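Inside the fold
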Amino acid sequence: MIKRVSFFATCLGDTLFPEIGIQSVQLLEKLGCEVSFNPRQTCCGQPLVNSGFQAKAKKSMRTLMTALLEGGNEYVVAPSGSCVLQVKEYGEFFKDDPKLETMAETLAGKIWEITDFIVTVLGVTDVGARLKGKAAYHPSCHMTRLLGVKEPPLALLANIRDLEMVPFAGQDKCCGFGGAFAVKLGPLSGAMVAEKVDNLVEAGIDYLIGADAGCLMNIEGRIRRQGYDIKVLHIVEALMTGER
Amino acid sequence: MSIKTSDLPLNERLRKELDDKFMRTSIARAQDLLNQKRSDAFAELGNYEQWRENAAAVRSHVLENLDYYLNQFVDKATQNGARVLFARNAQEATDHALAILQKIKAVKAVKSKSMVTEEVGLNEALENAGIEVIETDLGEYILQTDDHDKPSHIVVPALHKNRDRIREVFAKKKGYTGNNVPENITRFVRKQIRQEFLTADVGITGCNFAVAETGTITLVTNEGNGRFVTTTPKTQVVFMGMERIVPTFAELDIIFSMLVRSAVGAKLTSYLSLMTGPKGEKDKDGPEELYIIIVDNGRSQVLESGFRDVLRCIRCGTCMLECPAYRHISGHGYGTLYPGPLGLALVPILAGYEEYKDVIKICSLCSACNDICPVKIPLYQSILEHRRIIAEEKLLLGSVETFIMGLYSQIIGSSSLYNLGAKLVRFNDLLPKLGPLKVWYKERELPEISRERFRDWYRKHESKGK
């Protein structure tokens, strides 16, 4: 049966890194899904919540829930574990409003991080990609620790032809992004990403692959600042390379 | 000392620590080493998650029934011959201690390591009254000798110093002429401190956990100095945080199994001292008089707040060792006696949001602490909740941040405003790098943004019939 997917591009994937959204849609379509995108969607509100402005975030939560649930697709898929985590927690914010709480619970039951969706729902671990070189995976904190999606991205990466995945020191440590943290405490965030990048350089890789645009934007910015020759890819981009 | 350990504003404090490459190397090495030891110790124990569940359950149960267990403990300890005093705040705690020490005309006190005495500022209070105070924990002794340097970690207070720096401190202050070999430095210190033990009028200790059923005080130490403090002087004063209690020895076993492995990656510390009452008639050593000061100092406030779980803390310091922010700034960067994730979760509610609204920013919300806390304190959630209270209840954030966040909430709350905003963002490279962009750019490049948004591509993609 064809899986009908409502795609949540996330604000970073929509506005700053359209390639992530484009490759996500093409990957899902390639795997036989029927994908739709509702342009009324906005941001998950995490920048507000993480700074403490939870009440202020509620309006955007309603906007996003309405947009993602419109059309009644069985699945909602996003290329970011962090945004998916935020959406899954919406119910907590509407304890005083049974209608919105139900809406939040419904959405929480439908939304998937893209690698988790491909592996767990579609049952696919080999998407037929080919990428020559040596790569490391940065497990983003929210996706790995709080959403609990650890294995699916690794399973997908392991099946990319010609790609050697290597570990690196401090692999599971935060890259220092943390959303507004990166600009509120810039120098500290900078020290954290500098250590991450030093460790990546040490590992001698051609590609750094991750599954959350925020962390990748941070790491990529630091790599470029230091002029290192490491290409940063969102996992959907890696999975769409060198199609056979 | 008190809960506040620095008067520098947040950004200056962080800058100072980030510039200390020496400290950062020491802390990073210590983190990696201790984390590996802890992980090995728990692997050997097995059933890690079940142990965490049990330890968390013990602590939660005690907090829910704290009045009962405190009463039981006080009754038992009193029956054992100890004198128990309650202190509502730091002032009362130090006043109690001063009254006891002045009564026995004490001029010198030896101490074993205790966070709660630092929290209430005991050393300053005693020193102001003309009583000499000697820290006998090696780490604390190093700091005291180094002109009262501040602790950078709650278990390993001199974590920010390595053997070379420690050698320098003793060479300069105590005339040490040896090399930087830890054993030699320790031998030297031991000789110094031993004299102090023998001439002290009073021993002051903390209490890792009290056992309610038996009225027992316990101390977990590695150097044996705690044992000395509790056996040599005639009078012993114990400071105990109000929540540091377990029902019986069965629960103590669970808590210590977690504490020692978490704190130092060992199965057991070299010394585990259990003290039930003062010296009895048949005892060879021990204090003739035993005082126990139970300190509230904000804990009742925490208990009544939504942050009760934070009081589960067993002060192992694991969250600090896992924290990627702590790694670069050590405990000093926080400017609070309790640093790291625990400090963020505990200090604002223990000591007030107004004073500590900034420290809560030192967290990238990576949640590594949540995954390793041996008593499963929801540190990540507590930090987020503090931020909410600061931003939306206490209204303590600056007007600029509040305005920007308000504006952002309007933009993402509306599909059409968001659509417009997303268009404008594409031209960010034309904007001067100010405010947040400037901060970002200082450390790393800004993303290279294409003129086309995902939604623009999708419209074309859709009209092509996919």
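Residues numbered from 1 in each chain as written. Chains lettered and ligands numbered in written order. Predicted model: local features only at pLDDT ≥ 70, side-chain atom pairs only at ≥ 80, totals over all residues.

1. A few points about the domain arrangement of chain A
Residues and elements named next belong to chain A. As a reminder of what qualifies: Where each domain begins and ends is defined by an automated method or by a domain database. Helix numbering and strand numbering both begin at the N terminus, where a helix is a DSSP run of H or I of at least 4 residues and a strand a DSSP run of E of at least 2. Ten residue types, Ala, Val, Leu, Ile, Met, Phe, Trp, Tyr, Cys and Pro, are classed as nonpolar, four, Asp, Glu, Lys and Arg, as charged, and the remainder, Gly among them, as polar.
Split by domain assignment, chain A resolves into domain 1 (4-120) and domain 2 (126-239). With centres defined by C-alpha atoms, the gap from domain 1 to domain 2 works out at 22 Å. Counting residues per element, the ones that place at least two in the side of domain 1 that touches domain 2 are α1 (11-16), α2 (18-30), α3 (46-51), α5 (81-88) and α7 (114-121). Broken down by element, the side of domain 1 that touches domain 2 gets its largest block of residues, six residues, from α7. Looking at the side of domain 1 that touches domain 2, its residues break down into twelve nonpolar, twelve polar and three charged.

2. Brief notes about the interface of chain B and chain A
Quoted interface sizes are often the accessible area lost when the parts come together. The criterion, for reference: Two residues qualify as being in contact provided that their C-beta atoms, derived from the backbone, are within 7 Å of each other.
Contacts between chain B and chain A engage 50 residues on the former and 55 residues on the latter. Residues that form the side of chain B that touches chain A fall into these classes: 27 nonpolar, nine polar and 14 charged.

3. So, the packing of helix α11 (residues 186-202) of chain A against helix α1 (residues 10-18) of chain B
As a reminder of what qualifies: Helix axes are fitted to C-alpha atoms over the stretch in contact, other axes to C-alpha atoms as well, and angles between N-to-C directions run from 0 to 180 degrees. By definition in this entry, angles of less than 35 degrees are roughly parallel, angles greater than 145 are roughly antiparallel, angles of 65 to 115 are roughly perpendicular, and the rest are oblique.
Running from N to C, α11 of chain A and α1 of chain B point in directions that differ by 30 degrees, and their axes come no closer than 9 Å. One element, α11 of chain A, and the other, α1 of chain B, form an angle in the roughly parallel class. Seen from α11 of chain A, the contacting residues are Pro187, Leu188 and Ala191 of chain A; seen from α1 of chain B, they are Leu14, Arg15 and Leu18 of chain B. Split into classes, the residues belonging to the contact of α11 of chain A with α1 of chain B amount to five nonpolar, no polar and one charged.

4. Examining the sheet that holds strand β2 (residues 108-111) of chain B
All names here are of chain B. Condition: Any two strands with at least two DSSP bridges between them are considered paired.
Pairing is parallel in the open sheet, where six strands are placed in the order β1-β10-β7-β4-β2-β3. Here the strands that pair on one side only, and so sit at the sheet edges, are β1 (83-87) and β3 (132-135). Between one strand axis and the next, the sheet turns through 20 degrees on average, direction left out of account. Taken together, the four bridges between strand β4 (residues 202-205) and strand β7 (residues 235-241) define a ladder with parallel strand orientation. If you follow Gly203 over to β7, its bridge partner there is Gln236. Strands β1, β2, β4, β7 and β10 (289-295) of the sheet are contacted by helix α5 (residues 90-103), whose axis makes an angle of about 170 degrees with β10.

5. Topic: the sheet that holds strand β3 (residues 75-78) of chain A
The pairing of strands in a sheet happens through backbone hydrogen bonds and is either parallel or antiparallel. Residue and element names in this part refer to chain A. The strand order β2-β1-β3-β4 describes an open sheet built from four strands, whose pairing is parallel. The sheet terminates laterally at β2 (34-36) and β4 (111-113), the two strands that pair on one side only. For this sheet, the mean angle separating the axes of adjacent strands, direction not counted, is 35 degrees. By the bridge criterion, three bridges tie strand β1 (residues 4-7) to β2 in an arrangement that is parallel. Each bridged residue has a counterpart across the sheet, and for Arg4 the counterpart in β2 is Glu34.

6. A look at helix α16 (residues 340-351) of chain B
Residue and element names in this part refer to chain B. Formally: Given a helix with a known number of residues, its expected span is that number minus one, times 1.5 Å. Burial is judged by counting other C-beta atoms within 10 Å of a residue's own C-beta: 20 or more means buried, 12 or fewer means exposed, and anything between counts as partly exposed, with every C-beta placed from the backbone.
Between its first and last C-alpha atoms α16 spans 16 Å; for twelve residues at 1.5 Å apiece the expected length is 16 Å, and the two agree. Buried within α16 are the following residues: Gly340, Pro341, Leu342, Gly343, Leu344, Ala345, Leu346, Val347, Pro348, Ile349, Leu350 and Ala351. Those residues of α16 that are buried lie in contact with α13 (299-304), α14 (318-322), α15 (326-329), α17 (353-356), α18 (368-372) and α19 (379-393). One or two residues past the end of α16 sits Gly352, with phi positive at roughly 110 degrees.

7. Looking at the pairing of β1 of chain A
With three bridges joining them, β1 of chain A and β3 of chain A adopt parallel strand pairing. Bridged to Val5 of chain A within β3 of chain A is Tyr75 of chain A.

8. Some thoughts on the domain arrangement of chain B
The domain boundaries assigned to chain B delineate domain 1 (44-300) and domain 2 (399-463). Placing the centre of domain 1 of chain B and that of domain 2 of chain B at their C-alpha centroids yields a distance of 54 Å.

9. Some thoughts on the packing of α11 of chain A against helix α12 (residues 213-226) of chain A
Each packed pair of helices is defined by two parameters, the angle between the axes and the distance between the axes. Residues and elements named next belong to chain A. Contact pair α11 / α12: the axes reach a minimum separation of 9 Å and the direction vectors enclose 70 degrees. Relative to α12, the element α11 is oriented roughly perpendicular. Across from Val193, Ala194, Lys196 and Val197 in α11, the residues of α12 making contact are Asn218, Ile219, Arg222, Ile223 and Gln226. Residues of the contact of α11 with α12, tallied by class, amount to five nonpolar, two polar and two charged.

10. Regarding unusual backbone geometry
Of note in this structure, Asp162 of chain A is not a glycine but carries a positive phi near 65 degrees. Secondary-structure assignment places Asp162 of chain A in strand β6 (residues 161-165). The phi torsion at Lys376 of chain B lies on the positive side, around 50 degrees, for a residue other than glycine. When you line up the elements, Lys376 of chain B lands in the loop between α18 and α19. Here Lys376 of chain B falls in the partly exposed class, since 19 other C-beta atoms lie within 10 Å of it.

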